[in-house]
There are 2 protein chains.
Amino acid sequence: MQKPSLPKGTRDFGPVQMARRTFILDTIKETFQLFGYQQIETPAMENLSTLTGKYGDEGDQLLFKILNSGDFIKDVKAEDLEKGASAILNKVSEKGLRYDLTVPFARYVVMNRNELTFPFKRYQIQPVWRADRPQKGRYREFYQCDADVVGTDSLVCEAEIILMIRRVFEKLSLKDYSIKLNNRKILTGIAEAIGEAGKEGPLCVAIDKLDKIGWEKVKEELAQRGFGDTSISNLAPLVALESDLVGKLEFLKGFLKSSEIGLKGVEELEQVFAILRQMGVDLDHVDFDIMLARGLSYYTGAIFEVKVHNVSIGSVSGGGRYDNLTGVFGLPGVSGVGFSFGVDRLYDVLDELGLFPAESHSSTRLLLTYFDQEGFTYALGLLNQIRNAGIKTEIYPNAVKIQKQFDFANKKGIPFVGVCGDDEIKTSTISLKNMASGEQAKMDVSAAIQSVGYSM
Amino acid sequence: MQKPSLPKGTRDFGPVQMARRTFILDTIKETFQLFGYQQIETPAMENLSTLTGKYGDEGDQLLFKILNSGDFIKDVKAEDLEKGASAILNKVSEKGLRYDLTVPFARYVVMNRNELTFPFKRYQIQPVWRADRPQKGRYREFYQCDADVVGTDSLVCEAEIILMIRRVFEKLSLKDYSIKLNNRKILTGIAEAIGEAGKEGPLCVAIDKLDKIGWEKVKEELAQRGFGDTSISNLAPLVALESDLVGKLEFLKGFLKSSEIGLKGVEELEQVFAILRQMGVDLDHVDFDIMLARGLSYYTGAIFEVKVHNVSIGSVSGGGRYDNLTGVFGLPGVSGVGFSFGVDRLYDVLDELGLFPAESHSSTRLLLTYFDQEGFTYALGLLNQIRNAGIKTEIYPNAVKIQKQFDFANKKGIPFVGVCGDDEIKTSTISLKNMASGEQAKMDVSAAIQSVGYSM
């Protein structure tokens, strides 16, 4: 007899976890829709030609590949074996599991460019797979939840992303968080301004450690990465800068005066703030972080990252603007901006802060119980009536001791139990017990429906 | 430049398809929840040891296998190549994509048997993958939508499955359909009663062709399959039977009087009908089909199949009771009953019958448009207000000709457009145009919110 197990790095979601995930995802979906985003789904399997080369060498290694169907080994020769796995791969596999939602989205846009209405706002909530080493909080199958607009460079999109994040967090009762915001052009400008044009990548990596290791050590690292002494001292006033949003912007206008692209970045940021002001909303939670980089690679404008404070893993969302998402598939010049909620991380944050609603909307509200066959028949008569009133209701399906039926309600977290005994049958009532308070009262069905009904 | 494509047998779901699928799935979910079913999800990847041998030899062939990560070929020797794919498979792959939701559910129940509260009612809506030859209406990735109760043999579950199917169909406005119902024990009993005990499988396969090829040809086929002349003539009165539900049951009580298990099947069916009667509901759409078999293999009690009439592919749901779902994973004696909605088929049926709601709940309701920068700024000021009233609203993000903004609304199917021109700015109003009727009127924002608001 085989003992079943799950593949490493994967997991099941039971009823409680699913109800909580649904709570998070419904909140996000409702917000995306309010802002005009439409849902799409793409297949789990993509051609390897679509996936390979989009995530760097390490990413290619982490792709899950699907073995070709049928006689998958027919093209492999004995001499191929000596060349190793990478030489054999394209003979035994032509498909892989999606690694993120961005590349499939780019493929979708290119394949449907003639049918889509641009600007196209889409959201997508699906699992992705990565053959990462499993560890705490990191899985080989996990959900991503992405929203992107493509086909416009309007900064309204950036402003709306900030509003969407705030709305989701408000609905989830998350209060203590920052939406860190920066612009790739500012980073490019800083590298130019200090005399190290093109080196914003290593610059950001080093500066990112400022909080942990301090300025002296960061200077050492910059020197190791080939930054000259002058460049490093040029950088010092920026690192020392402590100011509010307006102060930072003013400082940068001076600091970046020699860099056209840097000043453009500042202007874009100011426009995003202006749009928010014109919308009549404040800048609560918005934190202009001059060194925010998030990997940089394909971002060309805004860069976002959302951090929840005072929790173990705070970074729950990120994104940015990219000017060439679809270029690799032959459609250049499509500007887009998007961001992604980390659903698993949001789950952990809400769990840590105790913010999940006590009772899930999806769970049973009332269990009908009985002592004998007569009570069972009577309860069956009530069941359909109560369900027709929209109350999620179950009947215990087998005639067992009533204590066992109550145990079932307790274990399943059902808040009300209706008892159908001889007295209730005689008087056409049920005895309704509130499982939390212990209160019990006899009443007719319509009164029971009222008592049990949702206060939503 | 690479031209992207999708793997054979897979597809994208665009915004319109997604909205329609969501309409179907939300209806099903709401019904499952009303009856106390709870959602779970299992990973896309399962160990091959979990999947293999559960779907017959053909099923094993159709499993999508995942190539091991890293140096997948290291255990393959030159001499293995001669032995062919099946000898190499277990050296290069240990995981596969799930083939259905039933086996993963059985695995889940066994792995969580100590935490679950039985009877356990679960539903699960996830894609499955099969390396079938793609053809019209058959995909390599498709969704299944299953509901099962395990841990009880109560026939209340069978009655509730009938009620759930009827509720879903009512909500989807599907009127012309049958819920075909049978019991495996009756089929076993018939084989016994005609003197061919154990041969209900071939019996059903042959009888299934009655409508197409007629009784004479079915007799020939039965003879070919080794049924004796006496058995075939014993069967004749059953084949000739034309009767209503009560008549069929009475006939079977006589026909099966020598078969204990057959009579038990009849009794179970009668109990399901009795439970429905006790619930105060009729038997509309319920069709007792004595020959319904649905592959048989693991069903031990009730067998269901739902057929929509007058459409090209009518079979949209099926299921039954099984007494040993989890036995293969070392947990014997768990009785369960379940059924599955074919989401893709339901989609096709609703499409064919024109039953999708004209407008999707998820789509944008109002587009704000403008002529110039001043109008843009004014529109931005209204946007947040209108969204805060729960109206799904967009602003056209770039200052383009107003005709282009109207084209956008038309293409996206947005039913209302709000125009923000000089007049509207001066009078603090917007001109609201109903895109279907062409009516246009100037009004203040709260009146616009009222006009645009959902009548739901």
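How each quantity is defined
Residues numbered from 1 in each chain as written. Chains lettered and ligands numbered in written order. Predicted model: local features only at pLDDT ≥ 70, side-chain atom pairs only at ≥ 80, totals over all residues. Heavy atoms only, no water. UniProt positions renumbered as here; feature names shortened; annotations may be inferred. Pairing = 2+ DSSP bridges. Helix = DSSP H or I, 4+ residues; strand = E, 2+ residues; numbered from the N terminus. Contact = heavy atoms within 4.5 Å. Buried area = accessible area lost by both parts, 1.4 Å probe. Salt bridge = Lys/Arg side-chain N within 4 Å of Asp/Glu carboxyl O. Polar contact = N/O pair within 3.5 Å; in protein donor to acceptor, adjacent residues only side chain to side chain. Nonpolar A, V, L, I, M, F, W, Y, C, P; charged D, E, K, R; others polar. Phe/Tyr/Trp six-rings, centres within 6.5 Å; stacked < 30°, edge-to-face > 60°. Buried < 20%, exposed > 50% of the residue type's maximum accessible area, 1.4 Å probe, protein only. Lys NZ or Arg CZ within 6 Å of the ring centre and 35° of its normal. Axes fitted to C-alpha atoms, helices over the stretch in contact; angles between N-to-C directions. Least-squares fit on C-alpha atoms with pLDDT ≥ 70 in both. Disulfide = S-S within 2.5 Å. Core = buried A, V, L, I, M, F, W, Y, C linked by side-chain atoms within 4.5 Å. Parallel < 35°, antiparallel > 145°, perpendicular 65-115°, else oblique.

Chain A carries the name Histidine--tRNA ligase in an unreviewed UniProt entry, which gives Algoriphagus aestuariicola as its organism. Reading the Catalytic activity (unreviewed entry) entry of the UniProt record for chain A gives the comment "tRNA(His) + L-histidine + ATP = L-histidyl-tRNA(His) + AMP + diphosphate + H(+)". UniProt lists a comment for chain A under the heading Sequence similarities (unreviewed entry), and it reads "Belongs to the class-II aminoacyl-tRNA synthetase family."

Peer 1: Explain the sheet that holds strand β1 (residues 38–39) of chain B residue by residue, including any values.
Peer 2: Residue and element names in this part refer to chain B. Strand order in the open sheet formed by 8 strands is β1-β5-β6-β11-β10-β9-β7-β8, and the pairing between neighbours is mixed. The sheet is open, and its two borders are formed by β1 and β8 (286–288), each paired with just one other strand. Where strand β10 (residues 315–322) meets strand β11 (residues 336–341), 6 bridges bridge the pair, whose relative direction is antiparallel. Following the sheet pairing, Gly 318 is matched in β11 by Ser 340.

Peer 1: Just give me the short version of the interface of chain A and chain B, but keep the residues and values in it.
Peer 2: The parts lose accessible area when they come together, and the size of an interface is often stated as this lost area. In this complex, chain A contributes 102 residues to the contact, which on the side of chain B involves 102 residues. Summed over both partners, the interface of chain A with chain B comes to about 8,700 Å²; 61% of that surface belongs to carbon and sulfur atoms. In this assembly, chain A and chain B are joined by 6 salt bridges. The partner of Arg 107 of chain A in a salt bridge is Asp 12 of chain B, with the nearest N and O atoms 2.8 Å apart. Between the two partners, chain A and chain B, sit 30 residue pairs in polar contact (both at pLDDT 80 or more). The leading source of residues in the side of chain A that touches chain B is helix α15 (residues 373–388) of chain A, at 7 residues. Looking at the side of chain A that touches chain B residue by residue, the class counts come to 50 nonpolar, 32 polar and 20 charged.

Peer 1: I'd love a proper account of the packing of aromatic side chains, names of residues and values included.
Peer 2: Scanning the model with the defined rule gives 34 aromatic pairs over all chains in all. Considering the side-chain rings of Tyr 55 of chain B and Tyr 99 of chain B, the 4.2 Å spacing of their centres and the 40° angle between planes classify their relative orientation as tilted. Remark: Tyr 99 of chain B occurs in the loop between β4 (93–97) and α6 (102–111) and Tyr 55 of chain B occurs in the loop between α2 (48–51) and α3 (56–62); sequence separation between them is 44 residues. Looking at Tyr 99 of chain B, the relative accessible area reads 10%, which means it is buried. Over the face of the ring belonging to Tyr 99 of chain A we find Arg 130 of chain A, whose NZ or CZ atom lies 4.1 Å from the ring centre. Stacked on the ring of Phe 227 of chain B, the Lys or Arg Lys 199 of chain B has its end atom at 4.5 Å from the ring centre.

Peer 1: Pulling in residues and values, what's your account of the sheet that holds strand β9 (residues 302–308) of chain A?
Peer 2: The pairing of strands in a sheet comes from backbone hydrogen bonds and takes either a parallel or an antiparallel form. All names here are of chain A. The sheet built from 8 strands is open, its strands ordered β1-β5-β6-β11-β10-β9-β7-β8 with mixed pairing. In this open sheet, the two edge strands, each paired with only one partner strand, are β1 (38–39) and β8 (286–288). One ladder, built from 3 bridges, connects strand β7 (residues 177–183) with β8; its direction is parallel. Across the sheet, the residue bridging to Leu 181 is Phe 288, located in β8. Relative to the sheet, helix α8 (residues 184–193) contacts β7, β8 and β9, its axis offset from that of β7 by approximately 55°. Sitting on the sheet, helix α14 (residues 343–352) is in contact with β6 (141–150), β9, β10 (315–322) and β11 (336–341), with an inclination near 145° to β10.

Peer 1: Talk me through the relation of the copies chain A and chain B; I want residue IDs and the actual numbers.
Peer 2: Note on the identical chains: chain A maps onto chain B by a rotation of 180° and an axial translation of 0.0 Å, with an RMSD of 0.1 Å. Overall, the copies show the geometry of a two-fold rotation axis.

Peer 1: Describe the state of the cysteines, naming the residues involved and giving the relevant values.
Peer 2: Under the definition given, this model contains 0 disulfides over all chains. The thiol of Cys 157 of chain A is unpaired, and the distance to the nearest cysteine sulfur, on Cys 420 of chain B, comes to 18 Å. For Cys 157 of chain A, a relative accessible area of 4% translates into the label buried.

Peer 1: Report on the nonpolar core, specifying residues and quantitative values.
Peer 2: Residues and elements named next belong to chain A. Counting residues in hydrophobic clusters, the biggest one holds 110 residues, and the most contacted among them are Phe 32, Phe 169, Ile 190 and Phe 341. When residues of this core are assigned to their parent elements, the largest contribution, 10 residues, is made by helix α7 (residues 156–171). Apart from the residues lying within four places of it in its own chain, the contact partners of Ile 190 are Leu 203, Leu 235, Leu 238, Phe 255, Leu 256, Ile 290 and Met 291.

Peer 1: Explain the packing of α8 of chain A against helix α9 (residues 200–207) of chain A to me, and be specific about the residues and the numbers.
Peer 2: Geometrically, a packed helix pair is captured by the angle between its two axes and the distance between the axes. Residues and elements named next belong to chain A. At a closest axis distance of 9 Å, the pairing of α8 and α9 adopts a crossing angle of 95°. The pairing of α8 with α9 is recorded here as roughly perpendicular in orientation. Here Arg 184, Leu 187, Thr 188, Ile 190 and Ala 191 of α8 come into contact with α9, specifically with Glu 200, Leu 203 and Cys 204. Taken together, the residues of the contact of α8 with α9 break down into 5 nonpolar, 1 polar and 2 charged.

Peer 1: Mind laying out the pairing of β9 of chain A, listing which residues take part and the relevant values?
Peer 2: Residue and element names in this part refer to chain A. The element β9 is extensively covered by neighbouring structure, given that 6 of its 7 residues are classed as buried. Bridge count between β9 and β10: 5 bridges; the pairing is antiparallel. Looking at β10, one finds that Glu 305 is bridged to Gly 318. The hairpin formed by β9 and β10 contains 6 residues between the paired strands, and Asn 310 there has a positive phi angle of roughly 60°.

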